[in-house]
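These are the residues of each chain, in order.
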Amino acid sequence: MKAIVIGGGIGGMSSAIALEKAGIDVEVYEAVQEMKPVGAAISIWPNGVKCLNALGMKAALRELGGNMAFMAYHDGATGVPLTRFSMAPLVQQVGEYPYPVARAELQAMLIDTFGRERVQFGKRVIQVEQTADGVIATFSDNSQATGDFLIAADGTHSVIREYVLEEKLERRYAGYVNWNGLVTIDERIAPADQWTTFVGDGKRVSLMPVSGNRFYFFFDVPLPKGLPQDRSTVKADLTGYFQGWAEPVQQLIAAINPDTTNRVEIHDIEPFSRFVKGRVALLGDAAHSTTPDIGQGGCAAMEDAVVLASTLASHSLGIEDALLRYQARRVERVKDLVLKARKRCDVTHARDPAVTAEWYQSLKNETGERVLAGMCETIEGGPLG
Ligand code: FAD
């Protein structure tokens, strides 16, 4: 059996590794010549970590992950702590650590695990067709690839999604802009072993430790879509949006490198329930695009990969039947993640300022129990428990 995987991102590479482990031949085709992920880092929650462990990357991932032993919220303006608690009860309950990692390093780990020389870069799919017993992908250089089935992991702007759904979906702007990057750890800004977040006015500033003595930082600001993007004004823009905020936030703005700071207008896509058309299956952001508010988009792609491979390996009624079983096992799970993230997004970014004010107030009484219970529920809903 031979799979064609389109897209060499988190979803494509995780599925290539998973399918190969299940004894399936795999070819990976990636549009760009060089991978340049849109974000500086991501948090891999234990549901995603368990998938990477199962795919043989347990030791490699631990080398990349930061130590997020504590979690804290501060009032953005005053810097006063609202709550601080240990992540140990979460680790205890779900049986695995969360790992914030630099994206370029995660991407390299996935590609190297599969075999860098085997990923075909510079191959942009423009058309997908299928016959009674196979699939044909056509690339922009007019070359073609054939296989028994095709995994479309071509991201949130997927062209294959339109082929599968037979309609074009619009992405939904979530109402805020996110700036993110990496900076050397400075304990005057935040403790080195803590996920620290400053909140106020529907904005947030967050820092997570990754390996190599670095913080992954991000700033969220509710803003209209389509404002000009200009690297030369990043510091001035952030200084304006966070005027009057506490000293650690000002120190962070002073420390960032505008040349490596990303600016992203955050979107998601209304969940849908068709991931499969015959021998073609959507996976990762192509199937479910979420806001990053619960840090689960990439983790969900890893889950997809594990479920896809196990479904293909454990069913014998044919490829099309197995792909439909993959779809059946994923649709509700990912819908839940997208909608949970959207809800979190709205509370964090003051879609209704009264609700957000209530949340800020509730953080003062937070012992960690409620926050961690929500995270555990999300994590334990994954395919590996
Ligand atoms: P992508 O990473 O987009 O990869 C798709 C690949 O397909 C790309 O390499 C692209 O070049 C290629 N491609 C596209 N079109 C074609 C074509 N026609 N032919 C061939 N190749 C093609 N997730 C988490 O789990 N935790 C987090 O903390 C987190 N934080 C985030 C923060 C931000 C700011 C953002 C924007 C997202 C975050 N996510 C997070 C989500 C995560 O980044 C995505 O869910 C994940 O990258 C999806 O992987 P993917 O492989 O499906 O898509």
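See the structure above.
Model, not experiment: these values are computed from the prediction. (Residues numbered from 1 in each chain as written. Predicted model: local features only at pLDDT ≥ 70, side-chain atom pairs only at ≥ 80, totals over all residues. Heavy atoms only, no water.)

## Looking at the sheet that holds strand β16 (residues 262-268)
Inference 1: The strand order β5-β4-β13-β14-β15-β12-β16 describes an open sheet built from seven strands, whose pairing is mixed. Each end of this open sheet is capped by a strand with a single partner; those strands are β5 (81-86) and β16. With strand direction ignored, the average angle separating the axes of adjacent strands in the sheet is 20 degrees.
Inference 2: As judged from the six bridges shared by strand β12 (residues 172-184) and β16, these two strands associate in the antiparallel manner. (Pairing = 2+ DSSP bridges. Helix = DSSP H or I, 4+ residues; strand = E, 2+ residues; numbered from the N terminus. Axes fitted to C-alpha atoms, helices over the stretch in contact; angles between N-to-C directions.)

## A look at the site of the ligand
Inference 1: Among the 31 residues in the neighbourhood of the ligand, the closest are listed as Gly-11, Glu-30, Ser-43, Arg-103 and Asp-285.
Inference 2: Within the side chain of Arg-103, an N or O atom sits 2.6 Å from an oxygen atom of the ligand.
Inference 3: Between the ligand and Asp-285 there is a distance of 2.7 Å, counted from an oxygen atom to a side-chain nitrogen or oxygen.
Inference 4: Relative to its unbound accessible area of 1000 Å², the ligand is 86% covered by the protein chains.
Inference 5: Counted by class, the shell around the ligand contains 12 nonpolar, 13 polar and six charged residues. (Near = heavy atom within 4 Å. Polar contact = N/O pair within 3.5 Å; in protein donor to acceptor, adjacent residues only side chain to side chain. Areas by Shrake-Rupley, 256 points an atom, 1.4 Å probe, with all protein chains shown as cover. Nonpolar A, V, L, I, M, F, W, Y, C, P; charged D, E, K, R; others polar.)

## Considering the packing of aromatic side chains
Between two aromatic rings, the relevant description is the distance of the centres plus the angle of the planes.
Inference 1: Taken as a whole and judged by the stated rule, the model has 11 aromatic pairs.
Inference 2: Seen in terms of ring centroids, Trp-45 and Trp-195 are 5.9 Å apart; in terms of plane orientation they differ by 50 degrees. Their pairing is tilted. With Trp-45 in the loop between β3 (41-44) and α2 (46-54) and Trp-195 in strand β13 (residues 194-200), the pair connects residues that are 150 residues apart, well separated along the chain. For the pair Trp-45 and Trp-195, one class covers both residues: buried.
Inference 3: Cation over ring: Arg-118 sits above Phe-114, and NZ or CZ is 4.0 Å from the ring centre.
Inference 4: The positively charged end of Lys-277 is found above the aromatic ring belonging to Tyr-163, 4.1 Å away from the centroid. (Phe/Tyr/Trp six-rings, centres within 6.5 Å; stacked < 30°, edge-to-face > 60°. Buried < 20%, exposed > 50% of the residue type's maximum accessible area, 1.4 Å probe, protein only. Lys NZ or Arg CZ within 6 Å of the ring centre and 35° of its normal.)

## Some words on the pattern of salt bridges
Inference 1: Scanning the entire structure with this criterion turns up 23 salt bridges.
Inference 2: The closest approach of N and O atoms between Arg-342 and Glu-270, which form a salt bridge, is 2.9 Å. Of this pair, Arg-342 sits in helix α10 (residues 319-348) while Glu-270 sits in the loop between β16 and β17 (276-277), placing them 72 residues apart in sequence.
Inference 3: Assessed through its relative accessible area of 48%, Glu-270 is described here as partly exposed.
Inference 4: For Glu-303, the salt bridge is made with Arg-330, and the minimal N-O distance between the two is 3.0 Å. Separated by 27 residues along the polypeptide, Glu-303 in helix α9 (residues 297-314) and Arg-330 in helix α10 bring together distant segments of the chain.
Inference 5: Accessibility expressed as a relative area gives 2% for Arg-330, which makes it buried. (Salt bridge = Lys/Arg side-chain N within 4 Å of Asp/Glu carboxyl O.)

## Brief notes about the pairing of β13
Inference 1: Burial of β13 is extensive: seven of the seven residues sit out of reach of the surface.
Inference 2: Here β13 shows a buried face lined by Gln-194, Thr-196, Phe-198 and Gly-200 and a second buried face lined by Trp-195, Thr-197 and Val-199.
Inference 3: Judged from the six bridges that link them, strand β4 (residues 70-75) and β13 form a sheet pairing that is parallel. For Phe-70, the partnering residue across the bridge sits in β13 and is Gln-194.
Inference 4: Pairing between β13 and strand β14 (residues 203-210): five bridges, direction antiparallel. Looking at the pairing, Val-199 lines up with Arg-204 of β14.
Inference 5: Between the end of β13 and the start of β14, which pair antiparallel, lie two residues, with Asp-201 showing a positive phi angle near 55 degrees.

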